[in-house]
Amino acid sequence: MATEAKRLKVDHSSEISLLQNFLKWCDTVGLVISKKVYVSKEGTVAEYGMLAKENIEEGEVLFTIPRSALLHHGTTKVSTLLEQERMFVESSSGWVPLLLALLYEYTSPQSHWRPYLSLWSDFRTLDQPMFWSKEERDRELMGTGVPEAVDTDLANIQREYTDVVLPFITRHPEIWNPDTHTLDLYTQLVAFVMAYSFQEPQEEEDEDEDQDDEETPNPPMMVPMADMLNHVSNHNANLEFTPESLKMVCVRPILKGEEVFNTYGQMANWQLLHMYGFTEAYPSNSNDTADIPITNLYKVIRQGIQSDLDQQLVKEKWEMSCRMMGEKGAFVFGKQGCLTDTELHSTLKVLCMSEEEFREFKENEGWDEEEDEEEDSISVAFSNEGFPMLKASWKRLIHEAARLTVNSYGGGQGEEGHSVDGDQVLMKNPEALSGLSARQQKAFQVRCGQKRILHRLLELTES
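Residues numbered from 1 in each chain as written. Predicted model: local features only at pLDDT ≥ 70, side-chain atom pairs only at ≥ 80, totals over all residues. Heavy atoms only, no water.

1. As for the sheet that holds strand S7 (residues 245-250)
Link 1 in the chain: Pairing is antiparallel in the open sheet, where 4 strands are placed in the order S1-S4-S7-S6. Of all strands in the sheet, those with a lone pairing partner are strand S1 (32-33) and strand S6 (237-241), marking the two edges. (Pairing = 2+ DSSP bridges. Helix = DSSP H or I, 4+ residues; strand = E, 2+ residues; numbered from the N terminus.)

Here it is in structure tokens:
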């Protein structure tokens, strides 16, 4: 099954002129496109894409974008104001300056970027789950982590708009109008930035410099033409950054007629759906992951506890585990094993301690140095090869927590249990699969990938 389309659908009579206007604009801003490629809506996995006219060799530049053609807080017409009042547009996301620029440029008939932004008449057509009803999200994606991520996004968007954006635009009625630049439009533009923006990589630091200080990521920016390329894990092009321009470079040979693919990074299907509104066909996404909430381990460890003293001990160990996990609320599993193996290892050690061991652990404020294990040995222990050799108590906890996670999935189709076998039967039944809506198909791809990982984990930790 092909990757789901994620681009805007417009009337055929108007889409050609929109694309032509955009390509003419590219010429005027000095955006140079190789004669070996062209933009099309035919023969691509999504509405817009780039195809090869001729064979392309590794290392060839497909297009070059001058930095003056990038859209961000420093190139918008309102850049001076945003710079002068930057203290008023600070936020936890760091996106507000770009979003204020987009609010202005998207609604201004005289915008320099109008031919580019006109390609999107309604950002809701990106169809990220934030545009689904809450009922539909919970029904189709329960257990995948997407509904919780979207709920957090929507709460943050509303808070950011109410606390930062609305007061700012109200102070500048000559530029913005709250009746035009609404929360709804702001939410759509957040979706646009999520799906299409790029962040310039941080410059590499010298080894001698302090590695403990995490630098703030560079703010997002819109990169015309680069955002026309679709994504697959096994991509054939990559965006390179230079002081003067950004270049899309071929990283492996592309044959005539093949599509040019960029990569959005190593992203699981639930992340692709959450941020971009599409999924890769199961099982082609090698980066798929499944989360086991830490709360599921707590549910398992509490089973069968009778005495008040034992319950108190379990509670204390649980609270200690939560402090050690910090803000991380789940353990992440990939196709080859646990990707958060250090956190899982520490949590299992604490939860499975005897009372005496736990008291000693608290008194020492952590592990003894001689008890510290090498990261490599932990990685091996929590890989697919190492799971069967784990302690029986650890395997039981992982197994039962995985089982609880599998049983938490939704689907909305009325199948009982949503077993992996049932999902695979549906995957191999084109007629039944075609009966699902586009959203149901994408949710199905997410569930399939995650549940397959979890069922493999159940097999490996079977007692």
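2. A few points about the pairing of strand S8 (residues 259-262)
Link 1 in the chain: Burial of the side chains of S8 extends over both faces: Glu-259 and Phe-261 are buried on one face and Val-260 and Asn-262 on the other.
Link 2 in the chain: Of the pairings in the sheet, the one linking strand S3 (residues 49-52) to S8 comprises 2 bridges and is antiparallel in character. Of the residues in S8, the one forming a bridge with Met-50 is Val-260.
Link 3 in the chain: Of the strand pairs in this sheet, strand S5 (residues 230-231) and S8 are connected by 2 bridges, and their pairing is parallel. Within the sheet, the bridge partner assigned to His-231 lies in S8 and is Asn-262. (Buried < 20%, exposed > 50% of the residue type's maximum accessible area, 1.4 Å probe, protein only.)

3. Concerning the pattern of salt bridges
Link 1 in the chain: For the structure on display, the rule yields 20 salt bridges.
Link 2 in the chain: Of the charged contacts in the structure, one is a salt bridge between Arg-171 and Glu-85, with a shortest N-O distance of 3.7 Å. Of this pair, Arg-171 sits in the loop between helix H6 (146-170) and helix H7 (183-196) while Glu-85 sits in the loop between helix H2 (79-84) and helix H3 (96-107), and the two are 86 residues apart along the sequence.
Link 3 in the chain: Assessed through its relative accessible area of 18%, Glu-85 is described here as buried.
Link 4 in the chain: Between Arg-403 and Glu-400 there is a salt bridge; the shortest N-O distance is 2.7 Å. Taken together, the positions of Arg-403 and Glu-400, both in helix H14 (residues 392-407) and 3 residues apart, correspond to about one turn of that helix. (Salt bridge = Lys/Arg side-chain N within 4 Å of Asp/Glu carboxyl O.)

4. Brief notes about the packing of helix H5 (residues 134-141) against H6
Link 1 in the chain: Following both chains from N to C, one finds H5 and H6 inclined at 150°, their axes separated by 9 Å at the closest point. Here H5 is positioned roughly antiparallel relative to H6, judged by the angle of their axes. Packed against H5, whose contacting residues are Lys-134, Arg-137, Asp-138 and Leu-141, the element H6 presents Val-146, Pro-147, Val-150, Asp-151 and Leu-154 at the interface.
Link 2 in the chain: A class-by-class count of the residues in the contact of H5 with H6 yields 5 nonpolar, no polar and 4 charged. (Axes fitted to C-alpha atoms, helices over the stretch in contact; angles between N-to-C directions. Parallel < 35°, antiparallel > 145°, perpendicular 65-115°, else oblique. Contact = heavy atoms within 4.5 Å. Nonpolar A, V, L, I, M, F, W, Y, C, P; charged D, E, K, R; others polar.)

5. Some remarks on the sheet that holds S3
Link 1 in the chain: Read across the sheet, 4 strands follow the order S2-S3-S8-S5 without closing on themselves; strand pairing throughout is mixed. Two strands in the sheet have a free side with no partner beyond their single neighbour: strand S2 (37-40) and S5.

6. Some words on the packing of aromatic side chains
Link 1 in the chain: On inspection of all chains with the given rule, the structure shows 18 aromatic pairs.
Link 2 in the chain: Judged by centre distance (4.4 Å) and plane angle (35°), the ring pair of Tyr-264 and Tyr-276 falls under tilted. With a gap of 12 residues between them, Tyr-264 in the loop between S8 and helix H8 (269-276) and Tyr-276 in helix H8 connect regions that are remote in the sequence.
Link 3 in the chain: We classify Tyr-264 as buried; its relative accessible area is 18%.
Link 4 in the chain: Ring plane angle 80° and centroid distance 6.4 Å describe the contact between Phe-382 and Phe-387, whose orientation is recorded as edge-to-face. Here Phe-382 and Phe-387 have matching classes, each one buried.
Link 5 in the chain: Taken together, the ring pairs connect Phe-22, Trp-25, Tyr-106, Tyr-116, Trp-120, Phe-123, Phe-192 and Tyr-196 into an aromatic cluster.
Link 6 in the chain: In this structure, Lys-41 packs its charged tip against the face of Tyr-48, placed 4.6 Å from the ring centre.
Link 7 in the chain: Taking the ring centre of Phe-88 as reference, the NZ or CZ of Arg-171 above it sits at 4.6 Å. (Phe/Tyr/Trp six-rings, centres within 6.5 Å; stacked < 30°, edge-to-face > 60°. Lys NZ or Arg CZ within 6 Å of the ring centre and 35° of its normal.)

7. Quick word on the state of the cysteines
Link 1 in the chain: Per the stated rule, a full pass over the model turns up 0 disulfides.
Link 2 in the chain: A disulfide-free cysteine, Cys-338 has its sulfur positioned 15 Å from the sulfur of Cys-352, the nearest such atom.
Link 3 in the chain: What makes Cys-338 buried here is its relative accessible area of 6%.
Link 4 in the chain: The exposure class of Cys-352 is partly exposed, given its relative accessible area of 29%. (Disulfide = S-S within 2.5 Å.)

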